[in-house]
Amino acid sequence: MELQRNKVCGIDVHKRFLIATILCRDGKKDTQRFSVTLEDLLKFRDWVIENGCEQVAIESTGIYWHPVHSVLEGKIDLIVANSYKIKHTPGRKTDVSDSEWIAELCLNGMIEPSRIFPKDDRELRRLTRAREGYVKQMTQEKNKIHQSLDSACIKLASVISDIFGKSGMYLLNCVLEGREIDDIIDGIPSGRLKKKADQIKESIKSRLDVSQVILIRGSLSLMKSIQERIDELDGEISARIQYRKNDLAIAMSIPGTGFVSATAILAEIGNYTDFKKPEQLAAWCGLVPSLYQSAEKTILGGITKQGSKHIRRMLIQVAYAISRTKDSKLKKFFLRIQAKKGSKVAAVALARKVLCILHHLLINQEMYIEDRDKKNMRQKPLIPPSPIEMSIQEMIDCIVRAGYVVTKSDSIGGFG
């Protein structure tokens, strides 16, 4: 709980307007309504400053709080409150009562402020999220093409793993042009794919309708445009992440983490020094189990899924990428959990483990180095030393020193 204040302002923000209530310690209230145009937001800022408000609290409703934050940032102490944590008692809900409730919580220091990233970090995160959206669109268009081919009983995906690669696009364009199967096979650019000529003939026995050709060509054109946008964003992200190139190198040192996943994870985390322990970061990302305890009975549920869904999605992708690596302790961890609870639970557990490891590495500025156990090497058997050559007299002396009696015999054999 923070220190109590004497005069604060609570804001209930909506798409077209906001309701603001200034609340004093003596109970005086002043409620005003403002539109969310820049002119009215500037009037609202002046109104708050003129009334001597010590702090302003706003509910994090969608993206509607962003313009208010931009206007007030650097001018007055502003708290962005998690709407889930400041819910009012249901029954009598109005915009005015909401703003008064937020002001009352702020006045008594009962709001836990949300993390607001600096401008550079916000812009980087905006770019990585935009790239993620483009990748989703690309996947949707690819799925549409697969559906069109399957509906026409053309099974290219059963012959070639990626129909959007060089050889796959050659076959797809030939099908769209309606070329004969023999001409298609003769022009295949890959000798490795030519060996599957019989399978290709089996997969392309029918033709596409005109409507299917139009839809597939439209999807391919859209995919080309989306790829240009992705390439443009990759260049911008690469330039903006340079101020954190050391953190980027540390993140990429973890198995299964490439440039795209590393930049997205770092952009979503922001300033990792805000979290004193890895468990706090995992809780902020929603990768900790929900907990319910009552009457000495504790129930653990699924993960809370609070916080950024983007970082959870990227960490899950990294976990599955690790599961496909070779000779890794992290992979062994995944397989051990998978054997007990399945691949989905194992992926979530590994995602949290990777996040905790990353926090430790970033705090200490260390690269990820996996200490693999040394394999037991077979040692060559020791070769016994060659026996020392001794004379007969020296042998007798050794036997005598050992406590035996040696006598000379006249029989054949020498000694008895």
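Since this is a predicted model, take the numbers as computed values, not measurements.

### Some points on the overall build of the protein chain
Right, on to step 1. Across its full length, the protein chain holds 16 helices and seven strands.
Right, on to step 2. On C-alpha atoms alone, the protein chain measures out to a radius of gyration of 36 Å, which is more than a quarter above the 22 Å that the 2.2 N^0.38 rule sets for 416 residues.
Right, on to step 3. Taking the principal axes of its C-alpha atoms as reference, the protein chain extends roughly 135 × 75 × 45 Å.
Right, on to step 4. Looking at the 416 residues of the protein chain, the share that counts as buried comes to 37%.
Right, on to step 5. Contacts in the protein chain between residues at least 24 apart in sequence constitute 59% of all its contacts with a sequence separation of at least 6.
Right, on to step 6. Of the roughly 26,200 Å² of accessible surface on the protein chain, a fraction of 52% belongs to carbon and sulfur atoms.

### Digging into the pairing of strand E6 (residues 289-294)
Looking down a regular strand, the side chains alternate between one sheet face and the other.
Right, on to step 1. With zero of its six residues buried, E6 lies for the most part at the surface.
Right, on to step 2. The hairpin turn running from E6 into strand E7 (residues 297-303), its antiparallel successor, is two residues long, and Ala295 in that turn takes a positive phi close to 55°.

### A closer look at a positive patch on the surface
Right, on to step 1. Among the surface-exposed residues, Arg336, Lys340, Lys341 and Lys353 lie close enough to one another that they form a single positively charged patch.
Right, on to step 2. When residues in the positive patch are grouped by element, the largest group, three residues, is from helix H14 (residues 329-341).
Right, on to step 3. For Lys341, the position within the fold is in helix H14.
Right, on to step 4. Taking the relative accessible area as the measure of exposure, Lys341 reaches 62% and is therefore exposed.

### Some points on the confidence of the model for the protein chain
Right, on to step 1. Per-residue pLDDT for the protein chain averages 87, and the proportion of residues at 70 or more is 91%.
Right, on to step 2. With pLDDT under 50 throughout, residues 374-386 is counted as low confidence; its partners more than four residues away or in other chains account for zero contacts.

### A word on the side chain of Asp121
Right, on to step 1. Looking at the secondary structure, you find Asp121 in helix H4 (residues 119-151).
Right, on to step 2. Buried within the structure, Asp121 lacks any salt-bridge partner; Arg244 is the closest side chain of opposite charge, at an N-O distance of 4.7 Å.
Right, on to step 3. Leave out the neighbours within four places in its chain, and Asp121 touches Tyr243 and Gly270.

### Focus on the side chain of Ser99
Right, on to step 1. By secondary structure assignment, the location of Ser99 is in helix H3 (residues 95-107).
Right, on to step 2. Ignoring any residue separated from it by four or fewer positions in sequence, one finds Ser99 in contact with Gly10, Asp12, Ile19 and Thr21.

### Comments concerning H3
Right, on to step 1. Relative to the 18 Å expected for 13 residues at 1.5 Å per residue, H3 spans 18 Å between its end C-alpha atoms, a close match to the ideal helical length.
Right, on to step 2. Turning to H3, the residues buried within the fold contact strand E1 (7-13), strand E2 (17-24) and strand E4 (55-59).
Right, on to step 3. Once H3 finishes, Gly109 follows within two positions and takes phi at roughly 65°, a positive value.

### Brief notes about the packing of helix H13 (residues 309-323) against helix H15 (residues 343-364)
Right, on to step 1. Two numbers describe how H13 lies on H15: the axes approach to 8 Å, and their chain directions differ by 105°. It follows that H13 is roughly perpendicular to H15 by the angle criterion. Residues Ile311, Leu315, Ile316, Val318, Ala319, Tyr320 and Ile322 of H13 form the contact with H15, whose participating residues are Ser343, Lys344, Ala347, Val348, Leu350, Ala351, Val354 and Leu355.
Right, on to step 2. Class assignment of the residues belonging to the contact of H13 with H15 gives a composition of 13 nonpolar, one polar and one charged.

### Things to note about the packing of aromatic side chains
Ring pairs (aromatic) are described by centroid distance and by the angle formed between their planes.
Right, on to step 1. Inspection of every chain in the model, using the stated rule, returns five aromatic pairs.
Right, on to step 2. Judged by centre distance (5.6 Å) and plane angle (55°), the ring pair of Phe275 and Trp284 falls under tilted.
Right, on to step 3. Note on Phe275: relative accessible area 6%, which makes it buried.
Right, on to step 4. Taken together, Phe34, Phe44 and Trp47 form an aromatic cluster joined through their ring pairs.
Right, on to step 5. Above the plane of the ring of Phe17 lies Arg33, whose end atom (NZ or CZ) is 3.8 Å from the centre.
Right, on to step 6. The cationic tip of Arg125 hangs over the ring face of Phe117; the distance from NZ or CZ to the ring centre is 4.4 Å.

### Side note on the nonpolar core
Right, on to step 1. If you look at the biggest cluster of nonpolar residues, it comprises 43 residues, and the most contacted ones within it are Ile265, Ile269, Leu315, Leu350 and Leu355.
Right, on to step 2. Elements with a minimum of two residues in this core: H4, helix H9 (210-240), helix H10 (245-252), helix H11 (259-269), helix H12 (278-284), H13, H14 and H15.
Right, on to step 3. With 10 residues, the top contributor of residues to this core is H15.
Right, on to step 4. In contact with Ile265, not counting residues within four places along its chain, are Ile311, Met314, Leu315, Val318 and Leu358.

Rules and cut-offs
Residues numbered from 1 in each chain as written. Predicted model: local features only at pLDDT ≥ 70, side-chain atom pairs only at ≥ 80, totals over all residues. Heavy atoms only, no water. Helix = DSSP H or I, 4+ residues; strand = E, 2+ residues; numbered from the N terminus. Rg over C-alpha atoms; globule rule 2.2 N^0.38 Å. Buried < 20%, exposed > 50% of the residue type's maximum accessible area, 1.4 Å probe, protein only. Contact = heavy atoms within 4.5 Å. Areas by Shrake-Rupley, 256 points an atom, 1.4 Å probe, with all protein chains shown as cover. Pairing = 2+ DSSP bridges. Patch = residues over 30% accessible without salt bridge, like charges linked within 9 Å, V, L, I, M, F, W, Y side chains within 5 Å. Salt bridge = Lys/Arg side-chain N within 4 Å of Asp/Glu carboxyl O. Lys, Arg positive; Asp, Glu negative; His and termini not counted. Charge placed at Lys NZ, Arg CZ, Asp CG, Glu CD. pLDDT = per-residue confidence, 0-100. Expected span 1.5 Å × (residues − 1). Axes fitted to C-alpha atoms, helices over the stretch in contact; angles between N-to-C directions. Parallel < 35°, antiparallel > 145°, perpendicular 65-115°, else oblique. Nonpolar A, V, L, I, M, F, W, Y, C, P; charged D, E, K, R; others polar. Phe/Tyr/Trp six-rings, centres within 6.5 Å; stacked < 30°, edge-to-face > 60°. Lys NZ or Arg CZ within 6 Å of the ring centre and 35° of its normal. Core = buried A, V, L, I, M, F, W, Y, C linked by side-chain atoms within 4.5 Å.

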